[in-house]
Amino acid sequence: MYSLNQRFDNMEIPEDEHMTAGHVACAGCGASLSMRLALKGLGKPTALVVPACCWGIIPGAWPQTAMEVPFFNTAFMTTGAVISGLKAAYRRRGMDDVCVVGWAGDGGTYDIGIQALSGAAERNEDVIYVCYDNEAYMNTGVQRSGGTPLGAWTSTTPAKAPKSEPKKDMDEIMIAHRIPYIATATAAYPHDLIAKFKKARSMRGMRYIHILSACPPGWKTPENMSIEIMRLAVLSNIFPLYEVENSEVFRQTVIPDEVEPVNNYLRSQGRFKHLTQEDIQVYQREVTTRFERLKERFDRIAV
Amino acid sequence: MLEQTMSNVKVVEGSEAVALAVKGCRPEVISAYPISPQTHIVEWLARMMANGEMDTEYVRVESEFSAASVISGSSAAGSRSYTASSSQGLLLMTEVLYCSAGMRLPFVITGVNRALSAPITIQIDHQDTISLRDSGVIQFYVESSQEVYDTHIAAFKIAEDPQILLPVMVCMDGWILTHSYERINFIEQEKIDSFLPPFRPANFLDVNNPKAWGSYSEENVLMEFKYSVQQAMQYGKKRITEIFAELARITGRDHGGLIEAYRTEDAEVILLAMGSVVGTIKEAVDELRSIGKKVGLVKIRCYRPFPHEDIWEAIKAAKVVAVMDANFSMGSEGALGMDLKSKLCGMRDTPLVFDFIAGLGGREINVKTVRRIVEKAEEMLNKGLPLSESYWVDLNPEILP
């Protein structure tokens, strides 16, 4: 089905849990599983900064929280800047070992938070920024974001007028910032995701990890299909898994043995139900073109 | 009498006085973004950093929004934090300031007063900082660069008081204070250090004792969170007065408490104002007193929390209070006028209150302007008509539509 292009050195998924049961995420939520796995990779000491997004709600309402690491809820646009200040303060107070992680959705990253993120990246702040990307403003009821893919239904791009623009290529924007580490990941490949968080933790400077995160109510998918759908995104090159060091070394970490057509991925989700065969052909061309551009760079530098 | 050595006295630019006060307070994190007329402050701080005179984290952000966000993060980690801004930049910070007050993050911001667009201008009034009055940020206004220096040193101690824990904004008029040179008495570092010990709060984002900050809250708790900010403001009135007095004992300079009452004892007409214009008003009061007019001044030093008890004590025997507002709430009145009237409403035998809008967008206020305001207040008093609308001073009818 696929082969791995990174060694896990007999990695076992750590048994430590840094979030508890009792959180309020929807059944089948890719974002809650991604956090659970990411924290396994990161370990402690870690502090999280989360703007307005599903994850602002998932830990539960005051005075409860499902989180066992410091968790700072912040305003929508602020994540890149708050993590900069938090890290500066820890460094100043002799707690430089604390890994400061911003954890924002696609709205908070592609749209409203891009300025603060770009500023932090340009300054090469010593932080990890994670975009868990469920491809719309899910927390407010599935409105279109810059991360919403071409042709998708959302509540502001109804099926009769679905999104007419392709997804913003946020990864390329981050690559253009020439930061030490960029990776894509998904909970469908937990070893790969955890390895990337472990690696990010071991590095200094700005690190950006882009997680594709299935959303059953927003994608209109059955709750038990999230992992399979995220895997299809990888196998059809819609969401290739790779990592980039210093914008120079590109490595695809999960390589499909045989690339799936995008049709299977799109047909698995209600949000693409209205697409015609012609639409899907356009979609396929978009995906292929983008992947070919990426692949050139994978190919240029042999691992 | 306090000893003052020559080394403690220097003529410096107002912005440098702010930077030197900040440096003396040993902030651990500073964020910086330029906007006129604030920019000199962060430039002075950058120079002090580069010259090795000051050791701090200095984050050169990409917007005022991020300037406020950086210090909200650093303050949450328990670090003394500072930034400065002005005008549009302060408005851009608004969302973060509300969040920070709600999370009880005690950083200090210098709010360099400048009018708001449109039309675009870099001239001064108080519309920018007044627009933040409801945020939960404590606000001080100052008359001189000496006062701005001293107030910054008090500001950190006030912000960090365990029962206050709120952001503090020291508001100073742009250009008039930031860019003019004044003789400043500086406080020795050892004295600042003993007045202001390192900030080590009981609560911070502690990895050994993880807590969630700013969590989602429902209707069963939000009111209590907000009320606790008001409680801190109310408690703050007493504590701010004590801290100002404590600093005055160290410096030998007493700028007053929450307000300064100037020649109000037997005054029939009292002017109420804040900011650098107070210096001009004091001169006008002296002139009017010299010709036998019973005029006084109440200068507001602390605008939030609003010191209505102290103001009442100073004005209760007067016939009329002429409020000078360098701001305006469109569709209503000036903010100071509204604040005062709302507190007097329902009380007996109060002076009449007239609200004058003066000095917007840098419009000059000189001694003659103040005298005209006093005359107008007397005239309205004699007519016995309370003015329900603000009186806009020195409008030019030729350019009105």
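What you see is a predicted model, and the numbers here were worked out from it, not measured in a lab.

(A) Local environment of the overall build of chain B. Helix and strand counts for chain B come out as 13 helices and 16 strands. A compact globule built from 401 residues should have a C-alpha radius of gyration of about 21 Å, and chain B, at 21 Å, falls within 12% of that. Expressed as lengths along the three principal axes of its C-alpha atoms, the size of chain B is roughly 70 × 60 × 45 Å. Burial analysis of chain B (401 residues in total) assigns 58% to the buried set. Partitioning the intrachain contacts of chain B with sequence separation of at least 6 by distance along the chain shows that 81% fall at a separation of at least 24. Side-chain charges of chain B comprise 39 positive and 53 negative groups, with the mean position of each set lying 3 Å from the other.

(B) Here's a closer look at the state of the cysteines. Residue and element names in this part refer to chain A. A full pass over the atoms with the stated rule returns zero disulfides over all chains. With no disulfide partner, Cys-215 has as its closest neighbouring cysteine sulfur the one in Cys-54, 6.2 Å distant. The class for Cys-215 is buried, based on a relative accessible area of 10%.

(C) The pairing of strand β3 (residues 57–60) of chain B, seen in detail. All names here are of chain B. With four bridges joining them, strand β2 (residues 29–32) and β3 adopt parallel strand pairing. When the sheet's bridge partners are listed, Ser-31 is paired in β3 with Val-59. Note that the unit made of β2, helix α2 (residues 39–50) and β3 has a crossover that is right-handed.

(D) Layout of the domain arrangement of chain B. All names here are of chain B. Domains assigned within chain B are domain 1 (6–251) and domain 2 (259–399). Taken together, the contacts link 25 residues of domain 1 with 28 residues of domain 2. Buried area between domain 1 and domain 2, both sides added, is near 2100 Å², and the carbon and sulfur share of it is 52%. Summed over the three residues of domain 1 that lose the most area to domain 2, namely Arg-133, Glu-143 and Lys-237, the buried surface amounts to 30% of that side. Connecting domain 1 to domain 2 are five salt bridges. Across the pair Glu-309 and Lys-237 runs a salt bridge, and its minimum N-O distance is 3.0 Å.

(E) Summary view of the pattern of salt bridges. Scanning the entire structure with this criterion turns up 52 salt bridges over all chains. The closest approach of N and O atoms between Arg-123 of chain A and Glu-62 of chain B, which form a salt bridge, is 3.3 Å. Note that Arg-123 of chain A is positioned in the loop between α5 (114–122) and β5 (128–133) and Glu-62 of chain B in the loop between β3 and α3 (64–76), a pairing that runs across two chains. In this structure, the salt-bridge partner of Lys-293 of chain B is Glu-378 of chain B, at a minimum N-O distance of 3.2 Å. Taken as a pair, Lys-293 of chain B in the loop between α10 (277–290) and β12 (295–300) and Glu-378 of chain B in helix α13 (residues 367–383) lie far apart in primary sequence, 85 residues in all. The network of salt bridges with common partners includes Glu-143, Glu-147, Glu-260, Lys-282, Lys-299 and Arg-301 of chain B.

(F) Just the confidence of the model for chain B, in detail. For chain B, the mean per-residue pLDDT works out to 96, and 98% of the residues sit at or above 70. Across the interface, the model reports ipTM at 0.95; the global pTM reads 0.96.

(G) Summary view of helix α3 (residues 79–92) of chain A. Residue and element names in this part refer to chain A. Between its terminal C-alpha atoms α3 stretches 20 Å, which fits the 20 Å expected from 14 residues at 1.5 Å a residue. Counting buried positions over the 14 residues of α3 gives 12, a clear majority of the element. Listing the buried residues of α3 in full gives Thr-79, Gly-80, Ala-81, Val-82, Ile-83, Ser-84, Gly-85, Leu-86, Lys-87, Ala-88, Ala-89 and Tyr-90. Immediately downstream of α3, the backbone of Gly-94 shows phi near 75°, a positive value.

(H) Just the interface of chain A and chain B, in detail. On the side of chain B, 41 residues touch chain A, which itself brings 35 residues to the contact. Across the chain A/chain B interface, buried area totals approximately 3100 Å², and carbon plus sulfur atoms make up 66% of it. In terms of surface lost to chain B, no three residues of chain A exceed Trp-62, Arg-92 and Arg-93 of chain A, which account for 24% of the buried area on that side. On the surface where chain A and chain B come into contact, there are three salt bridges. Between the two partners, chain A and chain B, sit 11 residue pairs in polar contact (both at pLDDT 80 or more). Put simply, the parts of the chain that give the side of chain A that touches chain B at least two residues each are α2 (54–57), β3 (71–73), α3 and α5 of chain A. A per-element tally of the side of chain A that touches chain B places α3 of chain A first, with 10 residues.

(I) How the structure looks around the environment of Arg-123 of chain A. Assessed through its relative accessible area of 19%, Arg-123 of chain A is described here as buried. A sequence separation of 70 residues divides Arg-123 of chain A from Cys-53 of chain A, and the C-alpha atoms of the two residues are 25 Å apart. Contact partners of Arg-123 of chain A, with chain neighbours within four places excluded, come to Gly-80 and Ser-84 of chain A together with Val-59, Arg-60, Val-61 and Glu-62 of chain B. Within the structure, Arg-123 of chain A has its side chain in polar contact with the side chain of Glu-62 of chain B (distance 3.3 Å).

(J) Representation of α10 of chain B in the model. Residue and element names in this part refer to chain B. The end-to-end C-alpha distance of α10 is 20 Å, a good match for the 20 Å that 14 residues give at a rise of 1.5 Å each. Listed in full, the buried residues belonging to α10 are Val-277, Val-278, Ile-281, Lys-282, Ala-284, Val-285, Leu-288 and Arg-289. All buried residues of α10 fall inside an arc of 165° around its axis, so they share one side. Close packing links the buried residues of α10 with β7 (168–173), β10 (259–262), β11 (269–273), β12, β14 (320–325) and α13. Trailing α10 by a residue or two, Gly-292 shows a phi angle of about 90°, which is positive.

(K) Structural detail: the sheet that holds β3 of chain A. Strands sit in the order β1(A)-β9(A)-β8(A)-β6(A)-β7(A)-β5(A)-β4(A)-β2(A)-β3(A)-β9(B) across an open sheet of 10 strands; the sheet is mixed. Lying at the two open borders of the sheet, with one neighbouring strand each, are β1 (2–4) of chain A together with β9 (212–213) of chain B. Across three bridges, strand β6 (residues 181–186) of chain A lies against strand β8 (residues 241–245) of chain A in antiparallel orientation. Within the sheet, the bridge partner assigned to Ala-183 of chain A lies in β8 of chain A and is Glu-243 of chain A. Helix α7 (residues 190–202) of chain A rests against β2 (46–50), β4 (99–105), β5, β6, β7 (207–212), β8 and β9 (249–256) of chain A of the sheet, and its axis sits at about 155° to β6 of chain A.

(L) Representation of the packing of helix α7 (residues 145–160) of chain B against helix α9 (residues 222–251) of chain B. All names here are of chain B. Relative orientation of the contacting elements α7 and α9 amounts to 135°, with a least axis distance of 10 Å. Taken as axis vectors, α7 and α9 run oblique relative to one another. For the pair α7 and α9, the crossing hand works out as right-handed. Contacts between α7 and α9 pair Asp-150, Ile-153, Ala-154, Lys-157 and Ile-158 from the former with Arg-239, Ile-240, Ile-243, Phe-244, Glu-246, Leu-247 and Thr-251 from the latter. Of the residues contributing to the contact of α7 with α9, the split by class is seven nonpolar, one polar and four charged.

Parameters and conventions
- Residues numbered from 1 in each chain as written.
- Chains lettered and ligands numbered in written order.
- Predicted model: local features only at pLDDT ≥ 70, side-chain atom pairs only at ≥ 80, totals over all residues.
- Heavy atoms only, no water.
- Helix = DSSP H or I, 4+ residues; strand = E, 2+ residues; numbered from the N terminus.
- Rg over C-alpha atoms; globule rule 2.2 N^0.38 Å.
- Buried < 20%, exposed > 50% of the residue type's maximum accessible area, 1.4 Å probe, protein only.
- Contact = heavy atoms within 4.5 Å.
- Lys, Arg positive; Asp, Glu negative; His and termini not counted.
- Charge placed at Lys NZ, Arg CZ, Asp CG, Glu CD.
- Disulfide = S-S within 2.5 Å.
- Pairing = 2+ DSSP bridges.
- Right-handed = clockwise from strand over helix to strand, strands pointing away.
- Domains from an automatic or database assignment.
- Buried area = accessible area lost by both parts, 1.4 Å probe.
- Salt bridge = Lys/Arg side-chain N within 4 Å of Asp/Glu carboxyl O.
- pLDDT = per-residue confidence, 0-100.
- Expected span 1.5 Å × (residues − 1).
- Polar contact = N/O pair within 3.5 Å; in protein donor to acceptor, adjacent residues only side chain to side chain.
- Arc of directions from axis to C-beta.
- Axes fitted to C-alpha atoms, helices over the stretch in contact; angles between N-to-C directions.
- Parallel < 35°, antiparallel > 145°, perpendicular 65-115°, else oblique.
- Left-handed = near helix turned anticlockwise from the far one by under 90°.
- Nonpolar A, V, L, I, M, F, W, Y, C, P; charged D, E, K, R; others polar.

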